[in-house]
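# Structure at a glance
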Amino acid sequence: MNKVPGLPHDPDKRTVSGMRPTGPLHIGHYFGAIRNWMDMQREMESFFFVADWHALTSDYADTSRTKIYVEEMVKDWVAAGLDPEKSAIYLQSGIKELAELHLLLSMITPLGWLERCPTYKEQQQNITGKDLANYGFLGYPVLMTADIIITRGRWVPVGADQLPHLELSREITRRFNSLYGEVFPEPEARLTPAAKCPGLDGRKMSKSYNNGIFLNENPADIEPKVRGMLTDQARLRRRDPGNPDVCNLYPYHDLLTPEDVRANIRSGCVSASMGCVECKDIFLKGLKIFLAPIQERRASLDARPGIVREILEAGGERAGKESALTMEAVRAGMRMQY
Ligand code: TRP
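All of these numbers come straight from a predicted model, not from anything done at the bench. (Residues numbered from 1 in each chain as written. Predicted model: local features only at pLDDT ≥ 70, side-chain atom pairs only at ≥ 80, totals over all residues. Heavy atoms only, no water.)

## Focus on the overall build of the protein chain
Looking only at helices and strands, one finds 14 helices and five strands in the protein chain. Each principal axis of the C-alpha atoms in the protein chain carries an extent, and together these give about 80 × 45 × 40 Å. Counting the 338 residues in the protein chain, one finds 50% classified as buried. For the protein chain, contacts bridging at least 24 residues in sequence account for 79% of all contacts bridging at least 6. The averaged location of the 44 negative side-chain charges in the protein chain is 2 Å from the averaged location of its 43 positive side-chain charges. (Helix = DSSP H or I, 4+ residues; strand = E, 2+ residues; numbered from the N terminus. Buried < 20%, exposed > 50% of the residue type's maximum accessible area, 1.4 Å probe, protein only. Contact = heavy atoms within 4.5 Å. Lys, Arg positive; Asp, Glu negative; His and termini not counted. Charge placed at Lys NZ, Arg CZ, Asp CG, Glu CD.)

## Remarks on the site of the ligand
As a matter of local geometry, the ligand sits amid 13 residues, with Arg20, His54, Tyr140, Asp147 and Gln162 nearest to it. Taking Tyr140, its side chain carries an N or O atom lying 2.7 Å from a nitrogen atom of the ligand. The contact in question runs from a nitrogen atom of the ligand to an N or O atom on the side chain of Asp147, over 2.8 Å. In isolation the ligand exposes 360 Å². Once the protein is present, 91% of that is buried. Of all the secondary structure elements, the ones that give two or more residues to the shell around the ligand are strand 1 (14–19), helix 8 (140–149) and strand 4 (155–158). Looking at the shell around the ligand, the element that brings in the most residues is helix 8, giving four residues. (Near = heavy atom within 4 Å. Polar contact = N/O pair within 3.5 Å; in protein donor to acceptor, adjacent residues only side chain to side chain. Areas by Shrake-Rupley, 256 points an atom, 1.4 Å probe, with all protein chains shown as cover.)

## Quick word on the pattern of salt bridges
Scanning all chains against the criterion turns up 21 salt bridges. A salt bridge links Arg14 to Glu322; the shortest N-O distance between them is 3.0 Å. Taken together, the residues Arg14 in strand 1 and Glu322 in helix 14 (residues 307–333) connect sequence positions 308 residues apart. Through salt bridges with shared partners, a single ionic network connects Glu72, Lys75, Asp76, Arg298 and Asp302. (Salt bridge = Lys/Arg side-chain N within 4 Å of Asp/Glu carboxyl O.)

## Let's talk about the environment of Val226
Within the element layout of this structure, Val226 appears in helix 10 (residues 219–227). Between the alpha carbons of Val226 and Glu72 there is a distance of 23 Å; along the sequence they are 154 residues apart. Setting aside its immediate chain neighbours within four residues, Val226 contacts Ile213, Lys280, Phe283 and Leu284.

## Structural notes on the side chain of Gln295
Within the secondary structure, Gln295 is located in helix 13 (residues 276–302). Setting aside chain neighbours within four positions, we find Gln295 in contact with Leu215, Asn216, Glu217 and Pro219.

## Quick look at the nonpolar core
The biggest cluster of nonpolar side chains holds 47 residues, and the ones touching the most others in it are Ile27, Tyr30, Ile34, Trp77, Leu215, Leu287 and Phe290. Elements with a contribution of two residues or more to this core: helix 1 (27–43), strand 2 (45–50), helix 3 (66–80), helix 10, helix 11 (250–256), helix 13 and helix 14. The element best represented in this core is helix 13, accounting for eight residues. The residues that make up this core include at least three from each of domain 1 (11–196 + 305–333) and domain 2 (219–298). (Core = buried A, V, L, I, M, F, W, Y, C linked by side-chain atoms within 4.5 Å. Domains from an automatic or database assignment.)

## Here's the deal with helix 8
Across the 10 residues that make up helix 8, a large majority, 10, are buried. Within helix 8, the full set of buried residues consists of Tyr140, Pro141, Val142, Leu143, Met144, Thr145, Ala146, Asp147, Ile148 and Ile149.

## Section: the environment of His29
Structurally, His29 is set in helix 1. By relative accessible area, which is 22% here, His29 ends up partly exposed. Along the chain, His29 and Asn243 lie 214 residues apart, while their C-alpha atoms are 26 Å from each other. Beyond its immediate stretch of four places on either side in the chain, His29 contacts Met19, Pro24 and Ile34.

This is how it looks when you write it as structure tokens:
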């Protein structure tokens, strides 16, 4: 077997994840991803990146807003609690080794694996108005595999929607290792505990539905949105009893409201002793308390021009060093050191 340099670190103590820069973060991003990333940041050596190349797989035709979205996202991450001193925060397109690894992995990835990927089939069918019959779109999971294994860590904090991609990443990694030697630890998903964050209209919270509450949104703008938010649609009058389990607002109390208050809300709702207006008052108060420190940190970042570039450069340096080491091992394993 080819000799490859050993791992300089414990892969079980290393994590990586990424997010596409599609706009400002909403509280669904916070409870669905960032909170989990922060747990990882506390426990292990962390690599978090802006997946700007992945944004191109579907939005290649209009790149005019990407730069703004990248800036917004990095500021929102740090305001929410990611610490650039602890975690490497970087830009995917800043790590050129990723392009090299992606190309090499593309050579060993069977087309059938990619064509069978459920997210690929689904999006091909559901997304109309964009031509997704592209090489890069099909290869989304190959690039994602490169993202994950280039820093040679084990853990990938993601939502359940990403599991098919993770499974492919594991398969591609196994294939690489069996062909060229054990260069990579097999990645594993660290699932984000399911947090229900419905949008204001009851659909999934998403920028494209315009039904979100954003981390950097002015409380004065949030209030009317929350006031108009759907609750239990069967509760037509104040004196009707409600059902928190079908209410769009109630899941937020699970995330933001202390347990004793929550118990009061539940009993008040089912007995009709509390109305939706009061329930929303409690939510708005909790939301304000939750958002205040995030928005304070965000304002201080906004007051420091060049801060995003600084963060991304420092993170890029750390991730770049690891990537360079990885690629030496890859080239050695593939006998490409001519
Ligand atoms: N596909 C992920 C998403 O849409 C983003 C992503 C790209 C990612 N590369 C990654 C996530 C690597 C984790 C690890 O959310």
